[in-house]
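# Structural description and commentary
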Amino acid sequence: LNPLIPEKLHTIRAAYLSWGYLMRKAACDSLDIEPNELDIGFYINNNKCGEVFLVEKLENGSGYCNYLSGRIYSEIPSNALVTPLLNGGKLFNTLVYKEHSENCDNSCYDCLRDFYNQQDHSMLDWRLGLDIAKIAADEDVKIDFTDIYWKSLIKRITRLLCERMEGTIAEIDDSVFCIQDQDASILITHPFWHQGKTSTLKQRIKGDVVRELTIYDA
């Protein structure tokens with residue numbers, strides 16, 4: 001999740017913003033307020049790590065962020081911002097529901113988009129947001145395409161790319177696919193994977209030319 005790698009900056013920023021808007025959605029549900037009462041943003045902190053922040057938009061404030069911070073009630077951040085986005089949580093269940101997940105590849109007005117964040121619509125991806133939510137709950141969690149919200153999408157995107165390339169599909173790991181044609185192979189990767197993981201996966205692919213394409217860019 002290093003936001004200082006030039007070729008990853010756009011995707012990592014998109015993932016953080018997506019997570020931020022998911023947290024705002026969860027917070028608004030918990031507080032029973034409207035989305036325009038909170039705003040979110042992304043920046044790189046002094047430790048050169050990415051962060052998202054929530055800020056109140058009402059004049060003179062209303063105490064929402066102070067409440068959500070856990071300064072008064074320590075369990076609030078987990079209950080309001082973390083748990084709803086984990087497997088079985090209220091917002092998680094809404095996002096992975098078949099009617100939504102099969103019709104929303106990245107974001108829509110039923111999940112992350114609204115009138116007030118139009119400037120970010122093109123980069124938002126609720127699946128990447130859920131992945132960061134998992135990391136927020138457990139820094140050692142495994143990030144791959146085996147989660148319920150990735151499985152059907154990765155198969156569909158891979159199939160469409162294969163048809164365009166007129167190639168063949170090889171599954172080199174659980175829900176990790178490679179598209180091969182006469183000239184090269186394309187490995188579909190997750191933008192959070194480090195170079196060591198992708199290099200290991202490439203070694204399983206026959207052929208001299210193996211290119212990477214993240215599911216976000218795909």
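For the structure, check the block above.
So, here's what we can say about the structure. This one's a predicted model, so the numbers in the text were calculated from it and none came from an experiment. (Residues numbered from 1 in each chain as written. Predicted model: local features only at pLDDT ≥ 70, side-chain atom pairs only at ≥ 80, totals over all residues. Heavy atoms only, no water.)

### Quick look at the pairing of strand β6 (residues 210-214)
- In this structure, strand β5 (residues 185-189) lies alongside β6, joined through five bridges in parallel fashion. Along β6, the bridge assignment pairs Leu-187 with Glu-212.
- In the classification by handedness, the crossover that spans β5, the intervening helix α8 (residues 195-202) and the parallel β6 is right-handed. (Pairing = 2+ DSSP bridges. Helix = DSSP H or I, 4+ residues; strand = E, 2+ residues; numbered from the N terminus. Right-handed = clockwise from strand over helix to strand, strands pointing away.)

### Quick look at the packing of aromatic side chains
- Within this structure, the stated rule accounts for 10 aromatic pairs.
- Taking 6.3 Å as the distance between ring centres and 45° as the angle between the ring planes, the aromatic pair formed by Tyr-149 and Trp-150 counts as tilted.
- Classification of Tyr-149 as buried rests on a relative accessible area of 1%.
- A relative accessible area of 0% means that Trp-150 is categorised as buried.
- What links up through ring pairs into an aromatic cluster is the set Phe-92, Trp-126, Phe-145, Tyr-149, Trp-150 and Trp-193.
- Positioned above the aromatic ring of Trp-193, the side-chain terminus of Lys-197 is 4.8 Å from the ring centre. (Phe/Tyr/Trp six-rings, centres within 6.5 Å; stacked < 30°, edge-to-face > 60°. Buried < 20%, exposed > 50% of the residue type's maximum accessible area, 1.4 Å probe, protein only. Lys NZ or Arg CZ within 6 Å of the ring centre and 35° of its normal.)

### Structural notes on the environment of Ile-157
- Of note, Ile-157 is situated in helix α7 (residues 148-165).
- Along the chain, Ile-157 and Ile-12 lie 145 residues apart, while their C-alpha atoms are 21 Å from each other.
- Every residue in contact with Ile-157, bar those within four places of it in the chain, is listed here: Ile-215 and Ala-218. (Contact = heavy atoms within 4.5 Å.)

### Some points on the packing of helix α6 (residues 126-137) against α7
- Where α6 meets α7, the closest approach of the two axes is 10 Å, and the angle between their N-to-C directions is 145°. In this structure, the crossing between α6 and α7 has a hand that is left-handed. Facing Trp-126, Arg-127, Leu-128, Leu-130, Asp-131 and Lys-134 of α6, the residues of α7 in contact are Tyr-149, Trp-150 and Leu-153.
- Partitioned by chemical class, the residues of the contact of α6 with α7 number six nonpolar, no polar and three charged. (Axes fitted to C-alpha atoms, helices over the stretch in contact; angles between N-to-C directions. Left-handed = near helix turned anticlockwise from the far one by under 90°. Nonpolar A, V, L, I, M, F, W, Y, C, P; charged D, E, K, R; others polar.)

### Some remarks on unusual backbone geometry
- Positive phi values are uncommon outside glycine, yet Lys-48 reaches one of about 65°.
- Residue placement: Lys-48 occurs in the loop between β1 (38-44) and β2 (50-56).
- Judged by relative accessible area, Lys-48 falls into the exposed class, the value being 56%.
- At Glu-166, a residue that is not glycine, the phi angle is positive and equals roughly 55°.

### A look at the pattern of salt bridges
- Within the structure shown, the criterion is met by seven salt bridges.
- Residue Lys-90 is joined to Asp-29 by a salt bridge in which the shortest nitrogen-to-oxygen separation is 3.3 Å. Note that Lys-90 is positioned in helix α4 (residues 90-96) and Asp-29 in helix α1 (residues 9-31), a separation of 61 residues in sequence.
- Classification of Lys-90 as exposed rests on a relative accessible area of 58%.
- In this structure, the salt-bridge partner of Asp-173 is Arg-204, at a minimum N-O distance of 3.6 Å. Here Arg-204 lies in the loop between α8 and β6 and Asp-173 lies in strand β3 (residues 168-173), a separation of 31 residues in the sequence.
- Among the residues examined, Arg-204 registers a relative accessible area of 46% and is labelled partly exposed. (Salt bridge = Lys/Arg side-chain N within 4 Å of Asp/Glu carboxyl O.)

### Some details on the side chain of His-190
- Relative to the helices and strands, His-190 resides in the loop between β5 and α8.
- Taking the relative accessible area as the measure of exposure, His-190 reaches 2% and is therefore buried.
- Separated by 2.6 Å, the side chains of His-190 and Asp-131 make a polar contact. (Polar contact = N/O pair within 3.5 Å; in protein donor to acceptor, adjacent residues only side chain to side chain.)

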